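Breakdown of the fold
Each chain, letter by letter, is given below.
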Amino acid sequence: MENGKKSMAVLVGCNYPNTNNELHGCINDVLAMRDVLINRFGLDPSHIQLLTDAPAPGSSSSSSLVMPTGANIKKALDQMVDQAQPGDLLYFHYSGHGTRIPSLKPGHLFRQDEAIVPCDFNLITDMDFRQLVNRLPKGASFTILSDSCHSGGLIDKEKEQIGPNSLITADPKMQISHKPKAISFESILQHLTSLTGINTTDIGTQLLECFGANASLKFRLPRLEFDNFLELLKPDDGILLSGCQANETSADMNPVESGGKAYGAFSNAVQLVLKEQSDQLISKRQVVMLARKVLEAQGFEQHPCLYCSDENADAAFLWQPESQS
């Protein structure tokens, strides 16, 4: 870590235990990434906020859990951005479900926007991440790694560096089962309707009724302000590494072998890449390209993407150990 720079991270793992949407590897993903941040990148453990919806494997206590609700995730991210100073490096790792919702953008009536799905279904959208990036002090950067379905484009209007690719054919000999990290728009709408009792397919109405001021900015902004918000974009230091393209799913792995450890395919691939490249500098572009090769070799039908400025694409991934800086 370079002198004079503060590093902070928020790590969120949603397994949705005891629900129809249950995943298995998301909490493992962020616990493993916490170890990588501390042991490889030298991050101060006190600068890492961890939000999970179940105790860590092997732990029986839930008293210290900070549940990854929409409000809690946004609060943690807001606090990190509020504390940021020029030159600081911010990191958000999300492992959990993603979804797509009808676009509210002018001229995009038949398009869809991306969102992550906190444990309480209070969606956090591409516009919320755009607002966080817009609030960064000059010279600070915000890297998001989202191991979720439909995560391509999760920072609204961020420049695409590595995007869509041709599909690959999964290896039928794979001895592991996987579940897509996706919840359909219809399922989310059905869940919210059961809570509100309101008979409408308008997702904004449902979310505002359930969560009020804690709902996504996308649904709280008046239309005029919404249009102006999109016009104020400029080159920035937002960086997104997505587990897949916007129209793809990301895999949650639950190994068949007894005792095997569950994990998110993209999170695991990134950690393998960092381990293999442990003795040298590695750029964000290299992390994504090498993770794609790992996933292709393993037979996955998902293509990680990179969204950021040209300069950030070839800059170091996160922080570098002092011995290498």
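These figures come from a predicted structure and were not determined experimentally. (Residues numbered from 1 in each chain as written. Predicted model: local features only at pLDDT ≥ 70, side-chain atom pairs only at ≥ 80, totals over all residues. Heavy atoms only, no water.)

Taken in spatial order, the 7 strands of this open sheet run β2-β1-β3-β7-β10-β13-β8, and their pairing is mixed. Strands at the two margins of the open sheet, each flanked by one partner only, are β2 (48–52) and β8 (160–162). Taken pair by pair, the neighbouring strands of this sheet meet at an average axis angle of 15°, ignoring direction. Pairing between strand β7 (residues 141–147) and strand β10 (residues 238–242): 5 bridges, direction parallel. By the bridge assignment, F142 is partnered in β10 with G238. Here helix α8 (residues 265–276) sits on the sheet and contacts β3 (89–95), β7 and β10; the angle it forms with β7, its principal contact strand, is near 125°. (Pairing = 2+ DSSP bridges. Helix = DSSP H or I, 4+ residues; strand = E, 2+ residues; numbered from the N terminus. Axes fitted to C-alpha atoms, helices over the stretch in contact; angles between N-to-C directions. Contact = heavy atoms within 4.5 Å.)

The subject of this paragraph is unusual backbone geometry. Not every positive phi belongs to a glycine, and N18 is a case in point at roughly 60°. As for its position among the elements, N18 is in the loop between β1 (7–13) and α1 (26–39). Of note, the phi angle at F121 is positive, near 70°, even though the residue is not glycine. Inspection of the secondary structure assignment puts F121 in the loop between β5 (112–116) and β6 (124–125).

Another point: helix α9 (residues 284–298). Because an α-helix completes one turn every 3.6 residues, residues spaced three or four positions apart along the sequence face the same direction. Helix length check: α9, at 15 residues, gives a terminal C-alpha distance of 21 Å against a target of 21 Å (1.5 Å per residue), a fit within 8%. The set of residues buried in α9 consists of K284, V287, V288, A291, R292, V294 and L295. Projected down its long axis, α9 shows its buried positions confined to an angular sector of 165°, all on one face. Turned more than 90 degrees from where α9 packs its buried face, K293 and A297 sit exposed. (Expected span 1.5 Å × (residues − 1). Buried < 20%, exposed > 50% of the residue type's maximum accessible area, 1.4 Å probe, protein only. Arc of directions from axis to C-beta.)

Our focus in this paragraph is the packing of α8 against α9. As a packed pair, α8 and α9 sit with axes 9 Å apart at the nearest point and diverge in direction by 115°. Note that α8 runs across α9; the crossing there is right-handed. Contacts between α8 and α9 involve A265, F266, N268, A269, V270, L272, V273 and L274 from the former and V287, L290, A291, V294, L295 and Q298 from the latter. (Left-handed = near helix turned anticlockwise from the far one by under 90°.)

Spatial ordering of the open sheet is given by β4-β5-β6, a layout of 3 strands whose pairing is antiparallel. Looking along the sheet, the strands with just one partner apiece sit at the ends: β4 (98–102) and β6.

Taken across its 7 residues, β3 has 7 buried, putting it largely inside the fold. Where burial is concerned, the two faces of β3 agree: the one with L89, Y91, H93 and S95 and the one with L90, F92 and Y94 are both buried. Pairing between β1 and β3: 7 bridges, direction parallel. Note that in β3 the partner of S7 across the bridge is L89.

The next subject is helix α4 (residues 185–196). Here α4 spans 16 Å end to end across 12 residues, near enough to the 16 Å set by a 1.5 Å rise per residue. Buried within α4 are the following residues: F185, I188, L189, L192 and T196. Down the axis, α4 shows its buried residues gathered within 95° of arc, on one side only. Facing away from the buried side of α4 by more than 90 degrees, the exposed set consists of E186, Q190 and S194. Residues of α4 that are buried in the fold lie against β4 and α5 (203–211). Residue G197 follows α4 closely and has a positive phi angle near 75°.

Enumeration over the complete set of coordinates arrives at 3 aromatic pairs. A ring pair is formed by F41 and F317, whose centres lie 6.2 Å apart and whose planes are at 65°; its orientation type is edge-to-face. Here the residue F41 occupies a position in the loop between α1 and β2, and F317 occupies one in the segment after α10 (310–313), the gap between them amounting to 276 residues. Ring centres 6.5 Å apart and planes at 35° place the aromatic pair F92 and Y94 in the tilted group. Neither F92 nor Y94 differs from the other in exposure class; each is buried. A network of ring pairs unites the aromatic residues F92, Y94 and F129 as a single cluster. (Phe/Tyr/Trp six-rings, centres within 6.5 Å; stacked < 30°, edge-to-face > 60°.)

By the definition in use, this model includes 12 salt bridges. Across the pair K218 and D113 runs a salt bridge whose closest N-O atoms are separated by 3.1 Å. With K218 in helix α6 (residues 217–220) and D113 in strand β5, the pair connects residues that are 105 residues apart, well separated along the chain. As far as the burial class goes, K218 and D113 line up, both buried. (Salt bridge = Lys/Arg side-chain N within 4 Å of Asp/Glu carboxyl O.)

Within the largest apolar cluster, 46 residues are counted, with the highest numbers of intra-cluster contacts made by L77, F92, F129, F142 and I203. Here this core takes 5 residues from helix α2 (residues 70–83), the largest share from any one element. Counting 37 residues, the second largest nonpolar core, distinct from the first, contains L11, L43, I162 and A265. (Core = buried A, V, L, I, M, F, W, Y, C linked by side-chain atoms within 4.5 Å.)

Turning next to the environment of S216. Mapped onto the elements of the fold, S216 is located in the loop between α5 and α6. Taking relative accessible area as the criterion, S216 reaches 0% and is therefore assigned buried. S216 sits 142 residues away from K74 along the chain, and the two C-alpha atoms are 9.4 Å apart. The residues touching S216, leaving out its near neighbours within four places in the chain, are K74, N122, L123, T125 and D128. For S216, the side chain forms a polar contact with the side chain of T125, separated by 2.9 Å. (Polar contact = N/O pair within 3.5 Å; in protein donor to acceptor, adjacent residues only side chain to side chain.)

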